[in-house]
Amino acid sequence: MHLSTREKKFEDRFRKKLSAPAAPAWRGIAACAVLTWLAFYLHTLPFAPFTLNGTHPLSAVLLALLLGLLIRNMLPSGAGLKPGVDLVIKKLLPIGIVLLGAGLDFYDLIRVGFRVLLGAIVLIVGIIFFTRLLARLLRVESGQGLLIGVGTAICGTSAIVVLAPVVESEEKDIAISVASINLLGALAMFVFPFAGALLSLSPEIYGEWCGLAIHATPQVIAAGFAHQLDGETAGKIATIVKLTRISLLGPLVFVIGVLYARYRRQESVFVAPTVNYRRLMPAFVLFFVGMAFLRTMGFFPEVTLHMADRFVFGAGDRTLDLAAVLGQAGKWVITAAIAGIGLITEFRALRTGGLRPMVLCLLATVMIALLGLGYAFWR
């Protein structure tokens, strides 16, 4: 068989790729670790915009994603980092999600009462359906629209990274969704205090509004404590309401997993007789719920260490909260995975997505803000 010159060149390039040795994984892992440390360092810098009123509104996750995107698009090629980055995203991310469950207390859901729980459920279901409908009208990919909808409805980046493996999302869709959610969440964090002052909202109504409508927990806390009259009351209410939304993440992911499995079964050429529900949910989601249950039942102790004078950092009592340590470890691992997503995502891929995902996220953010405010007023 005779090949043309173009075909021979293509075959030569293809053979070189097959014969090229795989890059060591430690490079990508080290890059993710360094970006994670740098993101957390920048996140706590004691000046605006990193610190406002004693809080840190720009999440380390967003900073890690932006740093990863910047470095990836400054390097001539990121192929040397990809093996390690893939390992972080596929293997370590589920571990980070499980560890996050140690910071979730189901009793917080009981404290806020049935009314707030009902409002959270109504808003979550309404925003997801609204976003799915808008995604069709704006011609945004279905999977991308679902990630944006769930991220807007529950807890931003955390919801996206938990749901993404369940619905088999691509890294490009995750990166676009995370970037859009974090950008508009940060914007909402600054807009809500001005809107609350303009509308003369009471601390109770304002705090409930922030908890129901703003995406990420640090943004909710920053906006809640920024109430012009009683930031302490508004901030505490906002935090508890936000935790109520987060506690619904596990049940929602399970329901979406069931629907997605049935959809895949209908679209498959070879139709299985039944859906295997035991294999439907990834194990890390079940472990996430299990960790939250252990946290709620008090299985993670607080240990007080009595350090002697010879201790290198000085004598004294030091308290170790195991649940807080595990939760913080989960945040670091998830931040490393998001940094990895940035390291393998080109701006060209984000440009390919266009403005439509951002418009979709903006409309979903406005809708949840309006619905949340209306529900907070309804007492």
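Attention in this report is confined to the structure presented alongside it.

The rules behind these values
- Along each chain, residues carry numbers from 1 onward, in the same order as the chain's sequence is written.
- In keeping with the model being predicted, local features are shown solely for residues with a pLDDT of at least 70 and side-chain atom pairs are shown and tallied solely at 80 or more, while totals for entire chains, interfaces and linings include all residues.
- For side-chain calculations, the full set of non-hydrogen atoms in the structure is used, while hydrogens and water are omitted.
- Here a helix means four or more residues in a row that DSSP labels H or I, a strand means two or more in a row labelled E, and each is numbered from the N terminus.
- Between the first and last residue of a helix there are one fewer steps than residues, each counted as 1.5 Å, and that sum is the expected span.
- When a residue's accessible area, from a 1.4 Å probe over protein chains only, is under 20% of the maximum for its type it is buried; when over 50% it is exposed; and in between it is partly exposed.
- Counting of polar contacts relies on pairs of N or O atoms within 3.5 Å, with two restrictions inside protein: one atom must be capable of donating a hydrogen and the other of accepting it, and residues adjacent in sequence are counted only when both atoms are side-chain atoms.
- Side-chain rings of Phe, Tyr and Trp (the six-membered ring for Trp) are treated as a pair once their centres are within 6.5 Å; stacked means planes under 30 degrees apart, edge-to-face means over 60, and tilted covers the remaining angles.
- We call two residues contacting when some pair of their heavy atoms lies within 4.5 Å.

## Brief notes about helix H11 (residues 231–247)
Then, number 1: Between its first and last C-alpha atoms H11 spans 24 Å; for 17 residues at 1.5 Å apiece the expected length is 24 Å, and the two agree.
Then, number 2: Taken as a whole, H11 has its buried residues at Gly231, Ala234, Gly235, Ala238, Val241, Lys242, Thr244, Arg245, Ile246 and Ser247.

## Remarks on helix H14 (residues 322–343)
Then, number 1: With 22 residues, H14 extends 32 Å from end C-alpha to end C-alpha; this agrees with the ideal 32 Å at 1.5 Å per step.
Then, number 2: Two to three positions downstream of the cap, the backbone nitrogen of alanine 323 sits 3.2 Å from a side-chain oxygen, assigning the N-cap of H14 to aspartate 321.

## Comments concerning the packing of aromatic side chains
Then, number 1: On inspection of all chains with the given rule, the structure shows four aromatic pairs.
Then, number 2: Measuring from ring centre to ring centre gives 5.6 Å for tryptophan 37 and tyrosine 41, while their planes differ by 10 degrees; the resulting arrangement is stacked. Taken as a pair, tryptophan 37 and tyrosine 41 lie in helix H2 (residues 25–43) at a separation of four residues, close to a single helical turn.
Then, number 3: The exposure class assigned to tryptophan 37 is exposed, which follows from its relative accessible area of 51%.
Then, number 4: Judged by its relative accessible area of 44%, tyrosine 41 falls in the partly exposed class.
Then, number 5: Plain terms: the ring middles of tyrosine 206 and tryptophan 209 are 6.4 Å apart, the flat faces sit at 70 degrees to each other, and that makes the pair edge-to-face. Taken as a pair, tyrosine 206 and tryptophan 209 lie in helix H9 (residues 203–213) at a separation of three residues, close to a single helical turn. As far as the burial class goes, tyrosine 206 and tryptophan 209 line up, both buried.
Then, number 6: Clustering of aromatic rings is evident, with ring pairs tying together Phe192, Tyr206 and Trp209.

## What to know about the environment of alanine 164
Then, number 1: If you trace the backbone, alanine 164 turns up in helix H7 (residues 157–166).
Then, number 2: Residue alanine 164 is classed as buried on the basis of its relative accessible area, which comes to 4%.
Then, number 3: Sequence-wise, alanine 164 and leucine 147 are 17 residues apart; in three dimensions their C-alpha atoms are separated by 7.2 Å.
Then, number 4: Once residues within four sequence positions are removed from consideration, alanine 164 is found in contact with Leu147, Ser169 and Ile174.

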